[in-house]
Structure formats: structure tokens, C-alpha cells
Amino acid sequence: MPQRQPSYDVCIVGSGAGGAMTAHALTQAGANVIMLEAGAWWDNTKDSAMLKFPYDSPRRGASTTERPFGEFDACIGGWQVEGEPYTKADGTKFDWWRARMLGGRTNHWGRISLRFGPDDFRRKSLDGLGDDWPITYNDIAPYYDQVDQLIGIFGSKENLPNHPDGVFHEAPRPRCYELHVKRAADKMGIWCIPARLSVITQPLNGRAPCHYCGQCNRGCMTNSNFSSPNVLLFPAQKTGRLTITVNAMAREVATDAQGLATGVHYIDKATGKDEFVAAKVVVLAASACESARILLNSRSARHPQGLANSSGVVGKYLTDTTGTDVAGFVPQLMDHVPHNCDGVGGGHIYMPWWLDNKKLDFPRGYHIEVWGGLGVPSYGFGGGIQGMPQSRGGGYGKALKDEYRRYYGSTIGFSGRGEQIPNADSYCELDPTVKDRYGIPVLRFHWKWRDDEYRQVRHMQETFRALIREMGGEPMGDMPSKERGYGIANGGAIIHELGCVRMGATARDSALNAHCQAWDCKNLFVTDGGSFVSQADKNPTWTILALAWRTADYITQQRKAGAI
Ligand SMILES: Cc1cc2nc3c(=O)[nH]c(=O)nc-3n(C[C@H](O)[C@H](O)[C@H](O)COP(=O)(O)OP(=O)(O)OC[C@H]3O[C@@H](n4cnc5c(N)ncnc54)[C@H](O)[C@@H]3O)c2cc1C
Ligand code: SF4
């Protein structure tokens, strides 16, 4: 018999962006909260490899199974998680990244923190495609402001249409290679502005400003960037009202005869035992697809299709950001004069969507991220030097080292990150036969890009190649053909999966109302990316955070009113 635990006001599943923001706001408002997290404990101030040099490890930073982005990367998880498979329908190309640690993917995300713009919430009204959100920019704007001020973000006031400014710390100046990019972008009429990253450049709530070591993805020991444990969860614990249970794999939300949530069943990974925690309110924030999985696995007489799924949309309208990359060799950056290239662990510039779709053959836009420069080299840096244009072939000893010095920093890359329109062929469902190591049915994915996305990605490829040529460089690799999808990344590969538990104006065609509350179960909420009606030409996490805070405030009001 599982041991009975105390009952809580709220049980939150998942400690990433959405879960942590919800926990922070609810504990500040006086709720007694328990958080279930499938991964292990993590604290950047103790666990980060921020100050390690490659030669501190015999692996020189090479990736491991648990850390596919490199041995020093802060994220424990990856494209495959041992004992937790997922399946794909025939012909489907979909990759699912999962973090398994306190803080989830916020430990090593790129920290590009963009607000959605007013148009992003009403796309159907503007071009007839997809669906409008049941909320507007004005509903969420105060929460974006609050997130900016609590967590901290740098950027610049630009007054650009549909790219709202925020409450910014001063942005760091562009580095040498970024100035080259900006010059080319200016010539081509592409807006190129300071990046907007959740890195603080002035002290904030006891956190020190960034000292520009460039290792954000390893976790910041000085808490100068945003990861959910150090910025939200540990301060929430100080209220004395947050209990965090790690290595707790949620399996199912329990409901009573009225169909209301009563708590969460989970597997204690240390003992393998099935446990139950009772709560008056349940919040799922296990990441968009994982929350859908928990709901689909929560079947009962009152909820035979799974919880919050009377509309049948749970798992549906799964979207990811479109993406493709082009790298270029820029001879002007060879044999560089040593100079200070310090900065944050991400670009200091970016290019928001700058064109009018009425003049293009695809709807919706993309933004451009830039990479390059002279960061600390790690295992495998520079790729095969012998393949560089005009290379003398590498060689051995001094000749090889000289060759690396000549070429180091002469490669610049562009990544496009664009908006996919949700479609009926991209979704997840429970696999009828496969279960994970805990006996929980796994997800099966279905995925299709549409012509709109292929045309958008072709435009990215052409633009990036033109930018590289404008810098006097040459693109590395040929333009991918139509047969190769113009180089579009697999669904899921950009790691911005959203939807699956979408919000909407009616219970007929959505799982959640405008407050991320399940239509079918009033004490159940979802605060990860599951609620999103659509993507945007922006990364999603700042919107996940703002929506989570808004939802937490609604839960507090409803509890005060005695409605839940
Ligand atoms: C390399 C990389 C770069 C990125 N860069 C950016 C960027 O620059 N800007 C941006 O906006 N976004 C970026 N993202 C995406 C961003 O990380 C996610 O949008 C964000 O973290 C999602 O937050 P979440 O709360 O939904 O989920 P997550 O952060 O994934 O957290 C979910 C948590 O739930 C836990 N969990 C899962 N299942 C269960 C279960 N059954 N029981 C209990 N716990 C469970 C997981 O262990 C995890 O800790 C990036 C992601 C990656 C991987
Ligand atoms: S660059 Fe700044 S925010 Fe990033 S890890 Fe270094 S000190 Fe921290």
C-alpha cells in the first residue's frame, strides 16, 4: 500500500519554465505547493561546469549519452532518455528532446527571450490561416513586464511593429564578427538589433551581473542568467511553502466521481514504488507533449478519452519552430588580430522578421540567430580543418596548429527560426503497445511539414547565403534541393514543441479556457507550452513564463473566491 502523504493546496508536475513560474507566484500568494519532478536535483552554484577548461577532462568536453550537447553542458537528458522511449508513425520524422533534471530545459536553453507580438495572437483574423488565441497581447503584456523585472533581460528599445519592447537591462555591444554581420544586414535592409536574452547586466534581487564568460549553456554559478531552480524555485522554497520531490515520475492525474482532480499518481524512481499525492488543484507543466501524455493516461469513467479531452484535441495541433542553418567562411576574419571577444553565451545581435508577407509566397515569418566568434574551443571544434576553403590540409604538429590559428573565428553561421501553422497531420497519441520502464504507455508521433513551411525555409537559405556573400564570404555547402526540403530540420528538432493541450474560446474545440484551466475539470491547469494555439516567429519561453504567472494569479483568485 502506498504511504499516504499530506494533502497540498496545489500539486505542480514539472520544474521547468512553466512549473517553476507557477510555483513562484503561488507560494508568494500563500499557497502550500508540492512539485513533482522526474529528474534529479540540480543547483548551478554547485553543479555547474562554468569554470572548467577542456583540458580539465580527458574527454575534452566531448558529448556523452546524457549530455548530447557536450560533457560540460548543464542539461541532463537528450534525444533519447534511457528506459523512456517514444515511437513514430511510419514515415514520420520527429525528434523529441527531453530534460530530466530540476529546472528542465531552462538549464541550458539559449535564453533568447522574445515576447510574442499583438499580431501573433490573432493570425486567423489577419490571414485566414490557423486559429486566433482566446486572449490578446494586452491580456498578457502586464505579465511580460513582471517577468522582465523579476527574472531580468537585456535588450534595446526599437519600436518595431509586432516585436514589442520590454523592460530591459542594457545590452552588451556587438563583437567583431557581429559587427561584420550587422554591416551586411544593414546593406540588405534586414533589421539587425541587439539580442534579447535573459541575462542580467546589472545587479538584480541579490544576483550579480554577467561577467561575460560565455558559458551560459553550462549553467551560471553566479546566477546571472535565468534557470528556473536558481531564479524561481530556491527563492520560492524560502517562503516555506514549496516542497520539491525529485525523481518523481508522474503517471496519472486522479479524479473523483464528480470528475474533479484529487491528486497525482507518480513513480518514486528511487524505490520503483507507485505513490500518490493529494492536492486541491493540479497543475501540469511537464512540457507540452509530456503533459498531453499524462492527460491521455488519466482515463476514468468520467473522462473515458483521457482527462480534459472531451473535445478530442489533447495531443493535437502539435507544432515546432521551422529551422535551417547555413555556415559561411569569411576570409576577412582569418589570421585575426587578437582582441577581446568576451560576451554572454549567445549572440549579442539578432534579426527579427522584417518583411511583408503580402509580397512573398509564404505566410508568417522567421527571425535570424547568428553564431561565430572566438569562444573557448572544445572537443571537435572547427570540424575537419582540411575541408576549409583554401586549406593547406592541416598536417601535424606546428603546421596543424598554425592552420587552426589561421582559420579560427573565420566561420559565421545563421539559423532561421520561423513559424509553422498548426496542421491536422502533426500530433501525438498514446502508442497502443509500447510502455516505458515504469509501465506507462508512451507517445507515438505523427508529423508533416506543409508547402508553406518549405517555402519559408527556402527563403531562409537564400537570405543566409546572400548575407554571407555580402560579407565577402562563401557559404559552406550547396543550397539544399527541394527534394531535401531546402534543409528544413525535422519536426521537434528545434526543441520548441508547443500545442497538444490548446486553449480556445469554446469547450468544443479546445482543452483549456483562456486561463489555461481545463474545460472538463475546473481544478486542473496546464502551464507549459501545451496551451499555445500557435507558434510565432519568436522563441516561446518568455510567453510560457508570462502565461504561467497569469494562470497562477487566476488560481489564487479562484481559490479566494472558493470556486476551486
Ligand atoms: C538547447 C535548447 C535551446 C533552447 N533555446 C531556447 C531559447 O533560446 N529561447 C526559448 O524561448 N526557448 C528555448 N528553448 C526551449 C525552452 O527550453 C523550452 O521552451 C522551455 O524550457 C519549456 O519549458 P517547460 O516548462 O514547458 O518544459 P521543460 O523546461 O522541458 O520542463 C519540464 C520538466 O518536467 C519534467 N517532467 C517531464 N515529465 C514528467 C513527469 N511525467 N513527471 C514529473 N516530471 C516530469 C522534466 O523532467 C522537466 O524538468 C531551448 C531548448 C533547448 C533544449
Ligand atoms: S556569460 Fe554571464 S550569464 Fe552566461 S554563464 Fe557567464 S557570467 Fe553567467
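This write-up is about the structure you can find in this document. All figures in this text were calculated on a predicted structure; none of them were measured in a lab. (Residues numbered from 1 in each chain as written. Chains lettered and ligands numbered in written order. Predicted model: local features only at pLDDT ≥ 70, side-chain atom pairs only at ≥ 80, totals over all residues. Heavy atoms only, no water.)

Some words on the overall build of the protein
Helices and strands together make up the secondary structure of the protein, namely 10 helices and 20 strands. Referenced to the eigenvectors of the C-alpha coordinate spread, the extents of the protein come out at roughly 75 × 55 × 45 Å. The proportion of buried residues among the 564 residues of the protein is 59%. For the protein, contacts bridging at least 24 residues in sequence account for 71% of all contacts bridging at least 6. (Helix = DSSP H or I, 4+ residues; strand = E, 2+ residues; numbered from the N terminus. Buried < 20%, exposed > 50% of the residue type's maximum accessible area, 1.4 Å probe, protein only. Contact = heavy atoms within 4.5 Å.)

Focus: the pairing of strand E11 (residues 261–268)
As defined by bridge partners, strand E10 (residues 248–255) adjoins E11 across 7 bridges and the pair is classed as antiparallel. Looking at the pairing, Glu 252 lines up with His 265 of E11. A loop of 5 residues connects E10 with E11, the two strands running antiparallel in sequence, and Gly 259 in this loop sits at a positive phi of about 90°. Sheet analysis places E11 next to strand E12 (residues 273–284), joined by 6 bridges and oriented antiparallel. Within E12, the position partnered with Ile 267 by the bridge is Asp 274. Between E11 and E12, which pair antiparallel in sequence order, lie 4 residues; one of them, Gly 272, sits at a positive phi of approximately 80°. (Pairing = 2+ DSSP bridges.)

What about the side chain of His 496?
With respect to the helices and strands, His 496 occurs in the loop between strand E19 (474–475) and strand E20 (524–526). According to the relative accessible area criterion, His 496 is buried, its value standing at 12%. Apart from the residues lying within four places of it in its own chain, the contact partners of His 496 are Thr 319, Asp 320, Thr 321, Gln 535, Asn 539 and Pro 540.

Looking at the packing of aromatic side chains
Each pair of aromatic rings is reported with the distance of its centres and the angle of its planes. The tally for this structure, following the rule as stated, stands at 25 aromatic pairs. Ring geometry for Phe 116 and Trp 133: centres 6.3 Å apart, planes at 80°, overall edge-to-face. Here Phe 116, found in the loop between strand E5 (98–99) and helix H3 (123–127), pairs with Trp 133, found in the loop between H3 and helix H4 (137–151); they are 17 residues apart in sequence, far enough to count as distant. Like Trp 133, Phe 116 is buried. Seen in terms of ring centroids, Tyr 366 and Phe 464 are 6.4 Å apart; in terms of plane orientation they differ by 85°. Their pairing is edge-to-face. Remark: Phe 464 occurs in helix H9 (residues 451–470) and Tyr 366 occurs in strand E15 (residues 366–371); sequence separation between them is 98 residues. Pairwise contacts between aromatic rings join Tyr 86, Phe 94, Trp 96, Phe 445, Trp 447 and Trp 449 into one cluster. Positioned above the aromatic ring of Trp 96 is the side chain of Arg 98, whose terminal nitrogen or guanidinium carbon lies 4.5 Å from the ring centre. Above the face of the Tyr 317 ring, Arg 502 is positioned so that its terminal group lies 3.8 Å from the ring centre. (Phe/Tyr/Trp six-rings, centres within 6.5 Å; stacked < 30°, edge-to-face > 60°. Lys NZ or Arg CZ within 6 Å of the ring centre and 35° of its normal.)

Describing the site of ligand 1
Close to ligand 1 lie 38 residues, the nearest being Glu 37, Arg 105, Gly 110, Ala 250 and Thr 541. Within the backbone of Ala 17, one N or O atom sits 3.1 Å away from an oxygen atom of ligand 1. At 3.0 Å from a nitrogen atom of ligand 1 is found a main-chain nitrogen or oxygen belonging to Ala 38. Against a free-state accessible area of 990 Å², the protein chains account for coverage of 95% of ligand 1. Elements that contribute at least two residues to the shell around ligand 1 include exactly helix H1 (17–28), E10, helix H7 (288–296) and helix H10 (541–560). When residues of the shell around ligand 1 are assigned to their parent elements, the largest contribution, 3 residues, is made by E10. Counted by class, the shell around ligand 1 contains 19 nonpolar, 13 polar and 6 charged residues. (Near = heavy atom within 4 Å. Polar contact = N/O pair within 3.5 Å; in protein donor to acceptor, adjacent residues only side chain to side chain. Areas by Shrake-Rupley, 256 points an atom, 1.4 Å probe, with all protein chains shown as cover. Nonpolar A, V, L, I, M, F, W, Y, C, P; charged D, E, K, R; others polar.)

Considering the site of ligand 2
Neighbouring ligand 2 are 15 residues, the closest being Cys 210, Cys 213, Gly 214, Cys 216 and Cys 220. When atom positions are compared with the pocket grids, ligand 2 is found to occupy the largest cavity. Here the residues of the shell around ligand 2 sort into 8 nonpolar, 7 polar and no charged. (1 Å grid on protein atoms, 1.4 Å probe; cavity = no way out; pocket = protein on both sides within 12 Å on 5 of 7 lines; lining within 4 Å. Sits in = over half its atoms within 2 Å of the grid points.)

Some words on the sheet that holds strand E4 (residues 87–88)
Strand order in the open sheet formed by 3 strands is E4-E18-E17, and the pairing between neighbours is mixed. The sheet terminates laterally at E4 and strand E17 (427–435), the two strands that pair on one side only. Taken together, the 2 bridges between E4 and strand E18 (residues 441–446) define a ladder with parallel strand orientation. Looking at E18, one finds that Lys 88 is bridged to Phe 445. Running over the sheet, H7 touches E17 and E18 and is turned about 125° from E18. (Axes fitted to C-alpha atoms, helices over the stretch in contact; angles between N-to-C directions.)

Section: the side chain of Thr 27
Inspection of the secondary structure assignment puts Thr 27 in helix H1. Sequence-distant contacts of Thr 27, that is, excluding residues within four places in its chain, are made with Val 33, Ala 236, Thr 239, Arg 241 and Leu 242.

Remarks on the sheet that holds E15
Strand order in the open sheet formed by 6 strands is E8-E14-E15-E16-E13-E19, with antiparallel pairing between adjacent strands. Each end of this open sheet is capped by a strand with a single partner; those strands are strand E8 (193–194) and E19. Of the strand pairs in this sheet, strand E14 (residues 349–351) and E15 are connected by 2 bridges, and their pairing is antiparallel. Looking at E15, one finds that Met 351 is bridged to Ile 368. Together, E14, E15 and strand E16 (411–418) form the strand contacts of helix H5 (residues 176–188), whose direction differs from that of E14 by roughly 25°. On the sheet, H9 packs against strand E13 (322–329), E14, E15, E16 and E19 and is oriented at approximately 20° with respect to E13.

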